[in-house]
Amino acid sequence: MEDCGLTWPEIQFAFGGSAAAGDADAMLPRLGLTGAQFINVANGCATGGSALLSGYWAIQSGEFDLGMVVGFDKHPRGAFNALPGELGLPDWYGETGMMLTTQFFAMKIRRYMQAFDISEKTLALVAEKAFANGARTDHAWRREPVDAETIAASRMINDPLTKFMFCSPAEGGVALVIASEKRARQMGRANVKILGAAMRTRPEGSFEVFAPSLSTTRGVAPTVLASQAAFEMAGVGPEDIDVAQLQDTESGAEIMHMAENGFCKDGDQERMIRDGQTRLDGTLPINTDGGCLACGEPIGASGLRQIYENVVQLRGIAEDRQVANVRLAYSQVYGAPGLSAVCILGR
Amino acid sequence: MARVFDSVLDESGKSPRLIGGRSRTSGAIVFPLPEGSEADLFDRILLRPDGKLWSFTIQRFPPKHPPYLGVTDPARFSPFAVGYVELENEVIVESRLLIDDFAELHIGMPMTLTTTTIETEEGARSIRTFAFEPV
């Protein structure tokens, strides 16, 4: 609010999400009981992206012209712990030790690595880059660089992914103010625009987390659908993007999301990452603030952290991690049980 | 006395079989067989017991309880393998994998259905469930 020169009574609506830290609207007594519309959003790890999309459409509807999207979380130490009944699954699935997000990530990248010749070294290089960027980011949680050898040799969590290749749930919060173009101009803040925004759920045959079985007829991921819709809406293509924040719950996710979002062909990641193309000084810097690997994964906040980082890059105030001449910035967040939200910002 | 998940496993024949469902509208095969009102949309079928490993990982840390009923004490926990096994023209099933040497696991490996007992914390009943092992 201070950044925008606003006070809470001026905010007409809010969408907010938190998975493990209570309802987001529990903030209201602290913010002020102004009577503003406040809707809680819950969409797994894509909660932040979903809150932003809800706010975007609220303004597009013409009903409002100034609102807030907010997300925060604080998770217990260790892996996320989902209960089968909450996702419509039988109890035995969790009781026998198969209901873990980490297993899914490991099995998805295992199959992908074999199909498209991605090496284990590339998994380590993704994490090395994340911690290098995190060391330059004041909102990051892990701010020490870690070299690829140490990452590869750290404790195995779910093969082929080691401890340093996984994000940690952690804690954090993000709040963004969004406005109609007209209102933003009046405020003198119409410098960053939402050019494309889309959320899609899993189509038939996609490989998703918490699946006791999969169809033998394979399909595409929800990220592919969300990405295509957002690019179409923005009227731009992957080749036009200057920086991208891609969901990196672990090293493998960033690699697969590069292709699912249209930034490369399956398998090209091996060469792109080895050549440093996704580093801050590369042709397509990815996760410029270190992503979930360096910033943690507070579910309600993560998708909005990506937007925050893109706004900072577009404004040119990212200091040590600033990418030169950012005009178009892309973000994608994935969540259980199989949904993806994409946002394209431009200045 | 072990607890058995009899809603997923049919042990009436010589060897165990998984219980799946065939959609009455599309013919698609699912696992497990849906319960409740959704069950009306599927015919109960026994899935083929043999398949090929589709992907896999090793669970190196103890899952949390709840929901996990196995050993959660890190000092007593033993890593276990899990994976997806493709049952040709039917469905790809997620399962525990039984194998002495994890390094032998590879995509495409022929696997067959068996059962396994999961050790629980002391004093609790052990649980028996389905698993796949190399042919």
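Up top is the structure.
Keep in mind that this is a model prediction, so the values were computed, not measured.

Q: I keep staring at the nonpolar core and nothing clicks. Help me out?
A: Of all hydrophobic cores here, the largest spans 102 residues; its most connected members are A:Ile344 and B:Phe130. Among all residues touching A:Ile344, those that are not within four sequence positions of it are A:Lys193, A:Ile194, A:Leu195, A:Gly196, A:Ala230, A:Phe231, A:Ala234, A:Val236, A:Ile241, A:Leu328, A:Ala329 and A:Tyr330.

Q: Could you clarify how one ought to interpret the sheet that holds strand E2 (residues 37-40) of chain A in this entry?
A: Backbone-to-backbone hydrogen bonds pair the strands of a sheet. The strands run either parallel or antiparallel. All names here are of chain A. Strand order across the open sheet formed by four strands is E2-E1-E3-E6, with mixed pairing between neighbours. Of all strands in the sheet, those with a lone pairing partner are E2 and strand E6 (171-179), marking the two edges. Each adjacent strand pair in this sheet contributes to an overall mean axis angle of 15 degrees, direction not counted. Direction of pairing for strand E1 (residues 13-17) relative to strand E3 (residues 66-74): parallel, over a ladder of five bridges. Note on E3: the bridge partner recorded for Phe15 is Val69. Along the sheet face, helix H2 (residues 47-60) touches E1, E3 and E6 and points at about 165 degrees away from the line of E1.

Q: What should I look at first to understand the interface of chain A and chain B in this one?
A: Counting from both sides, the interface comprises 35 residues of chain A and, opposite them, 41 residues of chain B. Interface of chain A and chain B: buried area, both sides summed, is about 3200 Å²; carbon and sulfur atoms make up 61% of it. Area buried by chain A at its contact with chain B is led by A:Trp92, A:Glu95 and A:Met107, which between them contribute 21% of it. The interface formed by chain A and chain B holds one salt bridge in total. Salt-bridge contacts for B:Arg60 lead to A:Asp159; the nearest nitrogen and oxygen are separated by 2.7 Å. Summed over the shared surface of chain A and chain B, the number is 19 residue pairs in polar contact (both at pLDDT 80 or more). Counting only elements with at least two residues in the side of chain A that touches chain B, the list comes to helix H3 (91-95), helix H4 (101-116), strand E4 (156-158) and strand E8 (213-214) of chain A. No other element matches H4(A), which puts seven residues into the side of chain A that touches chain B. Grouping the amino acids of the side of chain A that touches chain B by side-chain chemistry returns 17 nonpolar, 12 polar and six charged.

Rules used in this analysis
- Residues numbered from 1 in each chain as written.
- Chains lettered and ligands numbered in written order.
- Predicted model: local features only at pLDDT ≥ 70, side-chain atom pairs only at ≥ 80, totals over all residues.
- Heavy atoms only, no water.
- Core = buried A, V, L, I, M, F, W, Y, C linked by side-chain atoms within 4.5 Å.
- Buried < 20%, exposed > 50% of the residue type's maximum accessible area, 1.4 Å probe, protein only.
- Contact = heavy atoms within 4.5 Å.
- Pairing = 2+ DSSP bridges.
- Helix = DSSP H or I, 4+ residues; strand = E, 2+ residues; numbered from the N terminus.
- Axes fitted to C-alpha atoms, helices over the stretch in contact; angles between N-to-C directions.
- Buried area = accessible area lost by both parts, 1.4 Å probe.
- Salt bridge = Lys/Arg side-chain N within 4 Å of Asp/Glu carboxyl O.
- Polar contact = N/O pair within 3.5 Å; in protein donor to acceptor, adjacent residues only side chain to side chain.
- Nonpolar A, V, L, I, M, F, W, Y, C, P; charged D, E, K, R; others polar.

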